[in-house]
Amino acid sequence: MLLREMLLKRRRFVENTTRRLTEEELRRLFETGSDENHAIGIRYVERKKANGIVVCMPGMGGGLSGPSRLYETLARKRSFSTLILNTGYDPNVAKQIATYAMMWLRKKNENVQRVVLIGYSMGVATAAHVVQENSDIIVGICAVSSQSAHTNGLTNIKQGARVLLIHHADDQILPRKDSADLIYQTLISENIDTELRIFGEKRHDEKKSNTGLECLREHTLFDEIDGVLKSVRMFIREVLKP
């Protein structure tokens, strides 16, 4: 039911959006940080002595805080700069914003060499799209509660780069066997350094509620967020190591 409501919202948004963003709208978005007409925005936290840049891509509906405030928490860290994208409901607009973001980062940081992408849910497909033209600077990708559709682009990551897949054992919105497991097998078959971490397995055999709230808690890893944050921070530290 919850997923259906999200899909209906996305459908209504896409139907009301007759065009993609213009170059001027993208430029203004990255200058001002928001575009209320399209309900999108960005947040860039730059650190002077950063080891690299972490780019965060949201799921359907966007938002700057990330699943269970994961992105918001990461932006407080001082060892790397953080760019958070709020890309709204339209996956095509999301790809457009993410593509522009990488060009924007290259212009803003001429010496940018180490970028980590973090995608949540639909945002992993956005990250997979970005990899195709930016594999030279992407050293790691963290996929949280990923969908499997449109993620084949992850195989374009350069040799030596790493991928971390994080999923909840009982995710009912994007079940593990239909998403994280499939991506893991694909990446491993391409000899890509990939790790799959499953959370919530200790309670896997407990009787679960099928309410929308419970489904959302699992998909956002709400009850496991401390462990997720620790895993993501460790992954970022390792791949951005000088």
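Parameters at a glance
Residues numbered from 1 in each chain as written. Predicted model: local features only at pLDDT ≥ 70, side-chain atom pairs only at ≥ 80, totals over all residues. Heavy atoms only, no water. Helix = DSSP H or I, 4+ residues; strand = E, 2+ residues; numbered from the N terminus. Buried < 20%, exposed > 50% of the residue type's maximum accessible area, 1.4 Å probe, protein only. Pairing = 2+ DSSP bridges. Contact = heavy atoms within 4.5 Å. Axes fitted to C-alpha atoms, helices over the stretch in contact; angles between N-to-C directions. Core = buried A, V, L, I, M, F, W, Y, C linked by side-chain atoms within 4.5 Å. Salt bridge = Lys/Arg side-chain N within 4 Å of Asp/Glu carboxyl O. Left-handed = near helix turned anticlockwise from the far one by under 90°. Nonpolar A, V, L, I, M, F, W, Y, C, P; charged D, E, K, R; others polar.

S.K.: Whenever I open this one, the side chain of Gln 96 confuses me. Can you help?
M.R.: Assignment of secondary structure puts Gln 96 in helix α4 (residues 91-108). Residue classification places Gln 96 among the buried positions, given a relative accessible area of 17%.

S.K.: I would appreciate a short explanation of the environment of Arg 237 in the present structure.
M.R.: You can see Arg 237 is positioned in helix α8 (residues 225-239). Given a relative accessible area of 52%, Arg 237 falls into the exposed group. In sequence terms Arg 237 and Asn 51 are 186 residues apart; their C-alpha atoms lie 8.9 Å from each other.

S.K.: How should the sheet that holds strand β5 (residues 115-120) be read in this particular structure?
M.R.: Sheets are built from strands that pair by backbone hydrogen bonding, the pairs being arranged parallel or antiparallel. The strand order across the open sheet built from eight strands is β1-β2-β4-β3-β5-β6-β7-β8, with neighbouring strands paired in mixed fashion. With one partner strand each, in any of the chains shown, β1 (34-35) and β8 (193-199) form the two edges of the open sheet. Taken together, the five bridges between strand β2 (residues 40-45) and strand β4 (residues 81-86) define a ladder with antiparallel strand orientation. Residue pairing in the sheet places Val 45 in a bridge with Thr 82 of β4. Strands in contact with helix α5 (residues 123-134) are β3 (53-57), β5 and β6 (138-144); relative to β5, the strand with the most contacts, it is inclined by about 150°. The sheet contacts of α8 involve β3, β5, β6, β7 (162-168) and β8, and relative to β7 the element is tilted by about 175°.

S.K.: What's the story with the nonpolar core in this structure? I'm lost.
M.R.: For soluble globular proteins, nonpolar side chains are generally found buried alongside one another. Counting 40 residues, the largest nonpolar core has Phe 30, Val 55, Leu 83, Leu 85, Ile 97 and Leu 117 as its most contacted members. The greatest single-element share of this core, amounting to eight residues, is contributed by α4. In contact with Leu 83, other than residues within four places in its own chain, are Ile 42, Arg 43, Tyr 44, Val 54, Val 55, Cys 56, Ala 101, Trp 104 and Leu 105. Within the second largest apolar cluster, 27 residues are counted, among which are Ile 166, Phe 199, Val 228 and Leu 240.

S.K.: Any chance you could explain the pattern of salt bridges here in plain terms?
M.R.: Charged atoms that come close allow side chains of opposite charge to pair. One pass over the structure, following the stated rule, counts 13 salt bridges. Note that Glu 24 is salt-bridged to Arg 28, the shortest N-O span being 3.3 Å. Here Glu 24 pairs with Arg 28, and both are found in helix α2 (residues 23-32), just four residues apart, close to one helical turn. Judged by its relative accessible area of 38%, Glu 24 falls in the partly exposed class. For Arg 197, the salt bridge goes to Glu 195, with nearest N and O atoms at 2.6 Å. The network of salt bridges with common partners includes Glu 24, Arg 27, Arg 28 and Glu 31.

S.K.: Just to check I follow, could you spell out the packing of α2 against α4 for this structure?
M.R.: Helix packing geometry: the angle between the two helix axes and the distance between the axes. Orientation of α2 relative to α4, taken along the N-to-C sense of each, is 65°, at an axis distance of 11 Å. For α2 against α4, the interelement crossing comes out right-handed. Along the contact surface, α2 presents Glu 23, Leu 26, Arg 27, Leu 29 and Phe 30, while α4 presents Gln 96, Ile 97, Tyr 100, Ala 101 and Trp 104. Looking at the contact of α2 with α4 residue by residue, the classes come out as seven nonpolar, one polar and two charged.

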